[in-house]
Amino acid sequence: MGVRVCSRCLYTQNHPLGIYIDDKWLCSGCKVHEEKDTLNWPEREQRLKSILAEYKNKNLNNYDCIIPVSGARDSYFIVDKIKNQYGMNPLLVTYNAQYNTERGIRNLVFLRTHFDCDIFTLTVNPQSIKQITRATLRRLGSLYWHVLAGQTVFPVQVAVRLKIPLIIWGAHQGVDQVGMYSHLDEVEMTRKYRKEHDLMGLEAQDLISDEDQVFAKDIYQFRYPDNHDLASVGVRGMYLNNYIRWDTKAQHEGMITKYHYESHPQTRTFDTYNDVDSFVYSDLHDYIKQLKWGYGKVTDHVNREIRLKRLCREQACDLVKKYENYKPVFNKQFMQWLGVTHNSLMFILDQHRNKNIWKRNESWQWQRVDEHLQPNLKTIEANKLISVPDCNYQVTKNKKPNYQDDSYVLYSKGWVNG
Ligand SMILES: [Zn+2]
């Protein structure tokens, strides 16, 4: 018995956030996405402005809100909206992901310069990060847990410490990708969603173990503040995609035109905008996603573009075929950083392969064995949005053309070799 494939996008029901495909073979993500063409967005934006007005600091003795940024992923768009268009005074907060590309660092530097903003950065010591990453690789097959944990907790800790109650995030993936909630639910940040979906069910304190040599001193930076502290400041985290019709491609292109945001080709996807700050995200991290879930980021990206009426199904299938077979190219840097050999990394990753998807054949090679139930042509036709694709991602001029991402920048990565 195979898993159903949506008749509009290419998701199956096998999705880490959960997705539902109905008897018309349309997935929950595609259905909720239709709201982007039916909701009254000018009215919703007005609603957002009135919420923001409540948080404007009248005494001019503190920031109005916190914006978590990485430099990439719509950071420019969000800061431009909140500061330049709505007139708020934000504090930018960033967690140093340590897998930085120099381009990502440059985008972040230009972000704080263009927008004249204060920024609060956390760089956790490299020893703890490596211990945590060894542990999460072993237990979850994840090298990205510390980034997801840091990015989702540090802004909340700063909100509590500096008593800035409002945190403004970009898109909620439960709404934008899988349709877990409607835009009308106006879902906000929660401890529960973070633990179950962002952190794959593993909180910081769950990592403490003698076996992995991870101790309390290594993980306290990743602990979510307690409910009493959150309530005493009144911390809330809202998502802009509930109030603004979210279109990350158009948003990035606006920022390329206005502020010369730098884009760059990625190893395993055609989206040259979102994840240019990390050398593992669209690379080794995405390759692992495919071992665990049977698909990579390129599927997320083509589905988004199908729903935004820029890609047809046929071209989406071609893009997935092209990109999901690319092998990661930055393994060496990652292994050197963590101090693991190729064989031990591959051994750990094989432990986390989804055995319903991958089996070894007689020559001991991994082969896909999962079956997909494809919708029939009539259903595909009935749910089709467009037939002529128009989906070009720009590659901007590199502000430092001689630099190669396969050599490391030392200080700005938060660590040095040796
Ligand atoms: Zn779908």
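Residues numbered from 1 in each chain as written. Predicted model: local features only at pLDDT ≥ 70, side-chain atom pairs only at ≥ 80, totals over all residues. Heavy atoms only, no water.

Turning our attention to the overall build of the protein chain. Helix and strand counts for the protein chain come out as 17 helices and nine strands. The C-alpha atoms of the protein chain give a radius of gyration of 21 Å, which matches the 22 Å a tight globule of 418 residues would have. Taken along its principal axes, the extent of the C-alpha atoms in the protein chain is 70 × 55 × 45 Å. Looking at the protein chain as a whole, 59% of its 418 residues are labelled buried. Considering only intrachain contacts with a sequence separation of at least 6, the fraction spanning at least 24 residues in the protein chain is 77%. For the protein chain, the accessible area works out to roughly 19,000 Å², and carbon and sulfur atoms hold 52% of it. Where the 56 positive side-chain charges of the protein chain centre and where its 49 negative ones centre are 2 Å apart. (Helix = DSSP H or I, 4+ residues; strand = E, 2+ residues; numbered from the N terminus. Rg over C-alpha atoms; globule rule 2.2 N^0.38 Å. Buried < 20%, exposed > 50% of the residue type's maximum accessible area, 1.4 Å probe, protein only. Contact = heavy atoms within 4.5 Å. Areas by Shrake-Rupley, 256 points an atom, 1.4 Å probe, with all protein chains shown as cover. Lys, Arg positive; Asp, Glu negative; His and termini not counted. Charge placed at Lys NZ, Arg CZ, Asp CG, Glu CD.)

The next thing to look at is the coordination of the zinc ion. Protein coordination at the zinc ion comes from Cys6 (SG), Cys9 (SG), Cys27 (SG) and Cys30 (SG), with a distance range of 2.3 to 2.4 Å. The site at the zinc ion holds four donor atoms, and with the angles between them running 105 to 114°, its shape is tetrahedral. For the zinc ion, all donor residues lie on one chain, and their spacing in sequence is C-x2-C-x17-C-x2-C. Residue Cys6 is found in the loop between β1 (3–4) and α1 (28–33), and its partner Cys30 is found in helix α1; the two are separated by 24 residues along the sequence. (Donors = N, O, S within 2.8 Å, 3.2 Å for Na, K, Ca; no water. Tetrahedral: all angles 85-135°; square planar, octahedral: opposite > 155°, others 65-115°.)

Position of Gln177 among the secondary structure elements: in the loop between α7 (173–176) and α8 (191–198). Side chain to side chain, Gln177 and His15 meet in a polar contact 3.1 Å long. (Polar contact = N/O pair within 3.5 Å; in protein donor to acceptor, adjacent residues only side chain to side chain.)

The subject of this paragraph is the packing of helix α13 (residues 297–307) against helix α14 (residues 313–324). Contact geometry for α13 and α14: axes closest at 9 Å, N-to-C directions at 165°. When the axis of α13 is compared with that of α14, the two are roughly antiparallel. The handedness of the crossing between α13 and α14 comes out as right-handed. Where α13 approaches α14, its residues Val298, Thr299, Val302 and Ile306 are matched on the opposing element by Arg313, Ala316, Leu319, Val320, Tyr323 and Glu324. (Axes fitted to C-alpha atoms, helices over the stretch in contact; angles between N-to-C directions. Parallel < 35°, antiparallel > 145°, perpendicular 65-115°, else oblique. Left-handed = near helix turned anticlockwise from the far one by under 90°.)

Burial of helix α3 (residues 75–85) is extensive: eight of the 11 residues sit out of reach of the surface. Buried within α3 are the following residues: Ser75, Tyr76, Phe77, Ile78, Val79, Asp80, Lys81 and Ile82. In this structure, the buried residues of α3 make contact with α2 (41–55), β2 (65–68), β3 (90–95), α4 (102–114), β5 (166–169) and α11 (248–259). One or two residues past the end of α3 sits Gly87, with phi positive at roughly 70°.

Counting residues in hydrophobic clusters, the biggest one holds 56 residues, and the most contacted among them are Tyr99, Trp145, Phe222, Val235 and Phe334. For this core, the elements supplying multiple residues, two or more each, are β3, α5 (126–140), α6 (145–161), β5, α10 (227–233), α12 (284–293), α15 (331–338) and α16 (342–351). Dropping the residues within four chain positions of it, Val235 is found in contact with Val156, Ala159, Val160, Pro165, Ile167, Met189 and Leu230. Residues Leu48, Ile244, Val298 and Ala316 belong to the second largest nonpolar core, which totals 45 residues. (Core = buried A, V, L, I, M, F, W, Y, C linked by side-chain atoms within 4.5 Å.)

As a further point, take the environment of Arg307. You can see Arg307 is positioned in helix α13. A relative accessible area of 5% means that Arg307 is categorised as buried. Distance in space between the C-alpha atoms of Arg307 and Leu39 is 15 Å, their sequence separation being 268 residues. Residue contacts for Arg307: discarding those within four places in its chain leaves Cys9, Tyr11, Cys27, Gly29, Cys30, His33, Asp176, Gln177 and Leu385. From its side chain, Arg307 meets the backbone oxygen of Asp176 in a polar contact 3.5 Å long.

This part covers unusual backbone geometry. Most peptide bonds take the trans configuration, and most residues that are not glycine carry a negative phi. Even without a glycine there, the phi angle at Arg73 is positive, about 45°. For Glu186, which is not glycine, the phi dihedral falls at a positive 45°. You can see Glu186 is positioned in the loop between α7 and α8.

A word on the pairing of β3. Most of β3 is tucked away: six of the six residues are buried. Bridge count for β2 against β3 is four bridges, and the pairing is parallel. Following the sheet pairing, Cys65 is matched in β3 by Pro90. The β-α-β motif built from β2, the intervening α3 and the parallel element β3 has right-handed crossover chirality. Summarising the sheet, β3 and strand β4 (residues 118–122) pair through five bridges and their orientation is parallel. Counted as the bridge partner of Thr94 is Thr121 from β4. At this point the chain moves from β3, through α4, to the parallel β4, and the crossover so formed is right-handed. (Pairing = 2+ DSSP bridges. Right-handed = clockwise from strand over helix to strand, strands pointing away.)

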